[in-house]
Amino acid sequence: MRFELPGKMGLGTAPLGNMFEEVPDTRALETLRTAWDAGIRYFDTAPQYGAGLSEMRLGEALADEPRGTYVVSTKVGRLILEEQEPKQGIFAHGRANRVVYDYSESATLRSIEESLERLNMDRIDIAWIHDCAADAHGEHWEEVHDQAMNGAARALTRLREEGVIRAWGLGVNRVDACTRALEKADPDGFLLAGRYSLLDHEGALETLLPECDRRGARLVIGGAYNSGILAGGDHYDYKQASSEMRERTRRLRDICDRFGVDVRAVALQFSAAPRAVASVIPGTTRPERIAENQALMTTAIPNALWQTLWSEGLVSMDAPIPGAD
């Protein structure tokens, strides 16, 4: 195994960068402190999340905790500029600083230094190369991916060899970006968001999971609720869910209700089940959700529920099932 994480559940802090809504500082910090008090010791963040807001809040929340008692991952591939601009999109409520892509070696080193300043920490543990995939860069994504492999990946490999970071990989929403990285470099693992979930897992099952098992690479699963739709929201993959996804979610929820099990428990435990998965990192802006998510990870799920999901074609027969050998 390339790296291990403290506990099967961490905390994703994208929502604390004011994703989709403005979150008061007091509630953001209370959420982070509640996670700490509940025993969570792995936290993922990124410069993109509110143009540094998530990193700043995380650093403030952990300021008095011994650095060796927790694991932090952040991301490279974007730089935050002093220049300000009107904001739109999912982080419209974040800081006004302009954020630009840059996957070069020099930008990677600068990104880490600036993240350390915002986090007020002396090191990060894992660095993910952020969004070098088709959803962010369209039909030219492979050119951008090559830039990341020739720039950021080289810088991070050197930092890993020097002991500055423990591990590096990609933080993306697409499986093919991960498999391509395994062909061109030596990443320790991936933060894969939304592509190993109840709603979307076939691609990762066919290609990425077997290769991770073969090479000892690890996965962190983000987006187990697929941007909220599996937790009662209306977003899928960071945008309004299609009628097809709403219907598929309704079918999943109906089956879970039939067995008296919260669909969120099924979603979290399903995403955590593969051998390569080191952690699942649901995000929240509500302190009370921390305990809820922890309870959901230990909820008993009858085998008959999984059998029904198989028979209804909602879960692949090849998917690892929680509690099964």
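Keep in mind that what you see is a predicted model, and the values were worked out from it rather than measured.

Undergrad: Could you give an account of the sheet that holds strand β2 (residues 42-44), naming the residues involved and the relevant values?
TA: Sheet architecture is open: 8 strands sit in the order β1-β2-β3-β6-β7-β8-β9-β12, paired in parallel fashion. Edge positions in the open sheet fall to β1 (11-12) and β12 (277-280), since each of these has one partner strand only. Bridge count between β1 and β2: 2 bridges; the pairing is parallel. Bridge pairing in β2 links Gly12 to Asp44.

Undergrad: Mind laying out the UniProt feature "domain: NADP-dependent oxidoreductase" (unreviewed entry) in the protein chain, listing which residues take part and the relevant values?
TA: Sequence positions flagged by UniProt for "domain: NADP-dependent oxidoreductase" (unreviewed entry) are, in local numbering, residues 8-301. Note that residues 8-301 is 41% helix and 18% strand, and that its end C-alpha atoms are spaced 17 Å apart.

Undergrad: I'd like to hear about the side chain of Lys75, residue by residue, with values.
TA: Positionally, Lys75 belongs in strand β3 (residues 71-76). A distance of 3.2 Å separates the side chain of Lys75 from the side chain of Tyr49, its partner in a polar contact. The contacts of Lys75, once residues within four sequence positions are left out, are Asp44, Thr45, Ala46, Pro47, Tyr49, Ser111, Ser115, Trp128, His130 and Leu191.

Undergrad: Account for the nonpolar core, with residues named and values stated.
TA: The tendency in soluble globular proteins is for nonpolar side chains to be buried side by side. One finds Phe43, Ile129 and Leu170 to be the most contacted residues of the largest nonpolar core, which totals 91 residues. If one sorts the elements of this core by residue count, helix α10 (residues 263-272) sits on top with 7 residues. Ignoring sequence-local partners within four residues, the contact set of Ile129 consists of Val76, Tyr103, Ala148, Met149, Ala152, Ala153, Leu156, Trp168, Gly169, Leu170, Gly171 and Val172.

Undergrad: Tell me about unusual backbone geometry, residues and numbers included.
TA: The phi dihedral of Asn226 falls on the positive side, at around 50 degrees, and the residue is not glycine. Within the fold, Asn226 resides in the loop between β9 (218-222) and β10 (235-236). Even without being glycine, Asp237 reaches a positive phi, approximately 55 degrees. Here Asp237 shows up in the loop between β10 and β11 (239-240). Accessibility expressed as a relative area gives 15% for Asp237, which makes it buried.

Undergrad: Talk me through the packing of helix α3 (residues 105-119) against helix α6 (residues 152-161); I want residue IDs and the actual numbers.
TA: When two helices pack together, their arrangement is captured by the angle between the axes and the distance separating the axes. Axis separation between α3 and α6 bottoms out at 7 Å; the angle between their running directions is 55 degrees. For the element pair α3 / α6, the angle class is oblique. As for how α3 packs across α6, the hand of that crossing is right-handed. Only Ala152, Arg154, Ala155, Leu156, Arg158 and Leu159 of α6 make contact with α3, whose side of the interface consists of Glu105, Thr108, Leu109 and Ile112. Split into classes, the residues belonging to the contact of α3 with α6 amount to 6 nonpolar, 1 polar and 3 charged.

Undergrad: So what's going on with the pairing of strand β8 (residues 189-193)? Residues and values would help.
TA: A large share of β8 lies buried, amounting to 5 of its 5 residues. The sheet contact formed by strand β7 (residues 167-172) and β8 spans 4 bridges and is parallel. Its bridge partner lying in β8, Leu170 is registered against Phe190. Crossover connection from β7 via helix α7 (residues 175-184) to parallel β8: handedness right-handed. Strand direction decides the pairing type here: β8 and β9, joined by 5 bridges, are parallel. Bridge assignment links Leu192 to a residue of β9, and that residue is Ile221. Note on the crossover from β8 through helix α8 (residues 202-215) to β9: the handedness is right-handed.

Rules used in this analysis
Residues numbered from 1 in each chain as written. Predicted model: local features only at pLDDT ≥ 70, side-chain atom pairs only at ≥ 80, totals over all residues. Heavy atoms only, no water. Pairing = 2+ DSSP bridges. Helix = DSSP H or I, 4+ residues; strand = E, 2+ residues; numbered from the N terminus. UniProt positions renumbered as here; feature names shortened; annotations may be inferred. Polar contact = N/O pair within 3.5 Å; in protein donor to acceptor, adjacent residues only side chain to side chain. Contact = heavy atoms within 4.5 Å. Core = buried A, V, L, I, M, F, W, Y, C linked by side-chain atoms within 4.5 Å. Buried < 20%, exposed > 50% of the residue type's maximum accessible area, 1.4 Å probe, protein only. Axes fitted to C-alpha atoms, helices over the stretch in contact; angles between N-to-C directions. Parallel < 35°, antiparallel > 145°, perpendicular 65-115°, else oblique. Left-handed = near helix turned anticlockwise from the far one by under 90°. Nonpolar A, V, L, I, M, F, W, Y, C, P; charged D, E, K, R; others polar. Right-handed = clockwise from strand over helix to strand, strands pointing away.

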